[in-house]
Amino acid sequence: MQFENTLTFAQNLDGSDRLAGYRDKFHYPQINGKDVIYFTGNSLGLQPKNTRSYVDDVMKDWAELAVEGHFYAEKPWWDYHERLAKPLAKVVGAKTEEVSVMNTLTVNLHLLMVSFYRPTQKRFKILCEEKAFPSDQYMLQSQVRFHGLDPDNTIIEVKKREGEHFWRTEDIVSKIDEIGDELALVLIGGVNYYNGQVFDMKTITAKVRSTGAFVGWDLAHAVGNIELKLHDWDVDFAAWCSYKYMNSGPGNASGIFVNERYLNRKDIPRFEGWWGTKKETRFLMKPEFEPMHNADAWQLSNAPILSVAPYLASLQFFEEVGMSALLEKQQLLTAYLEFILHEVDKQVDSTFEIITPKERGCQLSVFLHGEGRPLFDYLMKNGVITDWREPNVIRLAPAPFYCSFEDMYRFGEILKAGILSK
């Protein structure tokens, strides 16, 4: 498609957008009396308007039924989380039984490490990406120390090449070969939070599996943003948060994936609690743990219903639209944003460097050479909510559910005005 940097062209794209109606299904902050241009769905998604009714239903059941809501609510609480498994499985490319919802992301990674990081004297090293999201770094370091090992010689980071802003798959594969049979686990963010790069999860997973090590993925920036085929790729485990592209609200419940080969087993190491035991015998209070046949076996306590309800509300939209339609718009919308950035770059005395490689979701990370924090402040004051990372990078994530092509055009005009106003 031949793009144009005009309002009419952007509005025509919106006019032919099959998902345009979903824009009205979200709440927007306002600045200067207008809806903002929202680029931070990679940090916290906007609130779907249907969320309140889902939460209100739970509050009503709690008020009217109290403890009986566990079994007699319209959506009984004791199996509420099970309603999320099927739609989530479609989003992550899994079998329904391989998916569960519980806790929060880093908590779930810690719990999954119990099962999938089992260091031996020979096989003990962990491979991750350079400068992984800090929470992942802290989690890995503390897990290694818990096992009495030294993070400095246990955690191996794959670095970017000198002068490059992205990782090369061949470098990751090479590092796996270099570590050899000392490798116990590879755990990488499927989409890097800083540069927006999508890792070649299929290739990396196949390589790790061939070595006998475990492979897991932190999908915080991937779920609801890119195509995932966790089952077909033969991933061992994965976890993700729900409040970015999944729009479930701040700090809300996390999802997990556990490959079916580890399900319905008593012999796998796992921290266990009563909500992971079989439903049929759970309330018999038996002393012996009998694991659920699915990924729910990793659950510890009853689900936080007031946290899970907004997740179910958001998943209604994913069910209606389907990932293929969402990704089709995402790719066109992100390409148009990239075009707008290049057009503005031609018109101002600055240089924009997009450090996100072609393997991307909807995030573009942009070096604003010659610009500083005042430009970010200008954008925020003029209705563009974006994200600033030192020294001078802004992250732009045009989420397809609620961002429009006109938003991309308007952003370009505001960006240009901010640079020229210096």
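Let me begin by describing the structure that accompanies this report. (Residues numbered from 1 in each chain as written. Predicted model: local features only at pLDDT ≥ 70, side-chain atom pairs only at ≥ 80, totals over all residues. Heavy atoms only, no water.)

A closer look at the packing of aromatic side chains
Now for step 1: Scanning the entire structure with this criterion turns up 29 aromatic pairs.
Now for step 2: Here the aromatic residues Tyr22, Phe26, Tyr38, Phe317, Phe318, Phe401 and Tyr402 are joined through ring pairs into a cluster of three or more.
Now for step 3: In this arrangement the basic side chain of Lys75 is found over the ring face of Tyr54, its NZ or CZ atom lying 5.3 Å from the centre.
Now for step 4: Over the ring of Trp298 we find Arg270, and its NZ or CZ is 4.5 Å from the ring centre. (Phe/Tyr/Trp six-rings, centres within 6.5 Å; stacked < 30°, edge-to-face > 60°. Lys NZ or Arg CZ within 6 Å of the ring centre and 35° of its normal.)

Quick word on the pairing of strand S11 (residues 351–354)
Now for step 1: Only one face of S11 is buried: it carries Phe352 and Ile354, and the other face, with Thr351 and Glu353, is open.
Now for step 2: Of the strand pairs in this sheet, S11 and strand S12 (residues 364–369) are connected by 4 bridges, and their pairing is antiparallel. What sits directly across from Thr351, in S12, is His369. (Buried < 20%, exposed > 50% of the residue type's maximum accessible area, 1.4 Å probe, protein only. Helix = DSSP H or I, 4+ residues; strand = E, 2+ residues; numbered from the N terminus. Pairing = 2+ DSSP bridges.)

Structural notes on the environment of Tyr194
Now for step 1: Among the secondary structure elements, Tyr194 is positioned in the loop between strand S7 (183–189) and helix H9 (201–211).
Now for step 2: Residue Tyr194 is classed as partly exposed on the basis of its relative accessible area of 22%.
Now for step 3: Separated by 201 residues in sequence, Tyr194 and Arg395 have C-alpha atoms that sit 7.7 Å apart.
Now for step 4: Sequence-distant contacts of Tyr194, that is, excluding residues within four places in its chain, are made with Ile355, Gln363, Ser365, Phe367, Arg389, Glu390, Pro391, Val393 and Arg395. (Contact = heavy atoms within 4.5 Å.)

Points about the sheet that holds S7
The pairing of strands in a sheet comes from backbone hydrogen bonds and takes either a parallel or an antiparallel form.
Now for step 1: Reading across the sheet, the 7 strands line up as S4-S10-S9-S8-S7-S5-S6 and stay open at both edges, with mixed pairing between neighbours. Among the strands making up the open sheet, the edge pair consists of strand S4 (99–102) and strand S6 (155–158). The mean inter-strand angle of the sheet, taken between neighbouring strand axes irrespective of direction, is 20 degrees.
Now for step 2: In the sheet, S7 pairs with strand S8 (residues 214–218) via 5 bridges, with the strands oriented parallel. Each residue of the ladder has a partner; that of Ile188, found in S8, is Trp217.
Now for step 3: Packing against the sheet, helix H4 (residues 82–92) makes contact with S4 and strand S9 (237–240), and its axis sits at approximately 115 degrees to S4.
Now for step 4: Relative to S9, helix H5 (residues 105–116) is tilted by about 170 degrees, and along the sheet it contacts S4, strand S5 (125–129), S7, S8, S9 and strand S10 (254–258). (Axes fitted to C-alpha atoms, helices over the stretch in contact; angles between N-to-C directions.)

Topic: the sheet that holds S11
Now for step 1: In spatial order, the strands read S11-S12-S15-S14; together these 4 strands make up an open sheet with antiparallel pairing. Looking along the sheet, the strands with just one partner apiece sit at the ends: S11 and strand S14 (387–389). Taking the axes of each pair of neighbouring strands and ignoring which way they run, one obtains an average angle of 30 degrees across the sheet.
Now for step 2: Pairing geometry for S14 and strand S15 (residues 393–396), over 3 bridges, is antiparallel. Looking at the pairing, Asp387 lines up with Arg395 of S15.

Things to note about helix H8 (residues 169–179)
Each α-helix winds once per 3.6 residues, and so residues spaced three or four apart point in a common direction.
Now for step 1: Burial in H8 covers these residues: Asp171, Ile172, Ile176 and Ile179. Projected down its long axis, H8 carries its buried residues within an arc of 140 degrees, all on one side.
Now for step 2: Buried residues along H8 sit against S5, S6, S7 and H9.
Now for step 3: Positioned one or two residues after H8, Gly180 has a phi angle of 65 degrees, which is positive. (Arc of directions from axis to C-beta.)

A look at the packing of H5 against helix H6 (residues 134–146)
Now for step 1: Put simply, H5 and H6 touch, their axes get as near as 10 Å, and they point 30 degrees apart. It follows from the interaxial angle that H5 and H6 lie roughly parallel. In the packing of H5 onto H6, the handedness of the crossing is right-handed. Contact with H5, carried on its side by Thr106, Leu109, His110 and Met113, involves Ser135, Asp136, Met139, Leu140, Ser142 and Gln143 of H6 and no other residues of that element.
Now for step 2: For the contact of H5 with H6, the class distribution of residues is 4 nonpolar, 5 polar and 1 charged. (Parallel < 35°, antiparallel > 145°, perpendicular 65-115°, else oblique. Left-handed = near helix turned anticlockwise from the far one by under 90°. Nonpolar A, V, L, I, M, F, W, Y, C, P; charged D, E, K, R; others polar.)

Remarks on a nonpolar patch on the surface
Now for step 1: A grouping of Phe71, Tyr72, Trp274, Phe283 and Met285 is seen on the molecular surface, where their side chains present a nonpolar patch of about 560 Å² in accessible area.
Now for step 2: Secondary-structure assignment places Trp274 in the loop between S10 and helix H11 (279–282). (Patch = residues over 30% accessible without salt bridge, like charges linked within 9 Å, V, L, I, M, F, W, Y side chains within 5 Å. Areas by Shrake-Rupley, 256 points an atom, 1.4 Å probe, with all protein chains shown as cover. Salt bridge = Lys/Arg side-chain N within 4 Å of Asp/Glu carboxyl O.)

Focus: unusual backbone geometry
Now for step 1: Going from Glu390 to Pro391, the amide bond is cis rather than trans, its omega being 5 degrees.
Now for step 2: Following the sequence through the fold, Pro391 ends up in the loop between S14 and S15.
Now for step 3: Although it is not a glycine, Lys131 sits at a positive phi angle of roughly 50 degrees.
Now for step 4: As for its placement among the helices and strands, Lys131 is situated in the loop between S5 and H6.
Now for step 5: Residue class for Lys131 comes out exposed when judged on its relative accessible area of 60%.
Now for step 6: Positive phi outside glycine occurs at Met285, with the angle close to 55 degrees.
Now for step 7: Here Met285 is to be found in the loop between H11 and helix H12 (305–321).
Now for step 8: Met285 sits in the exposed class, given a relative accessible area of 55%.

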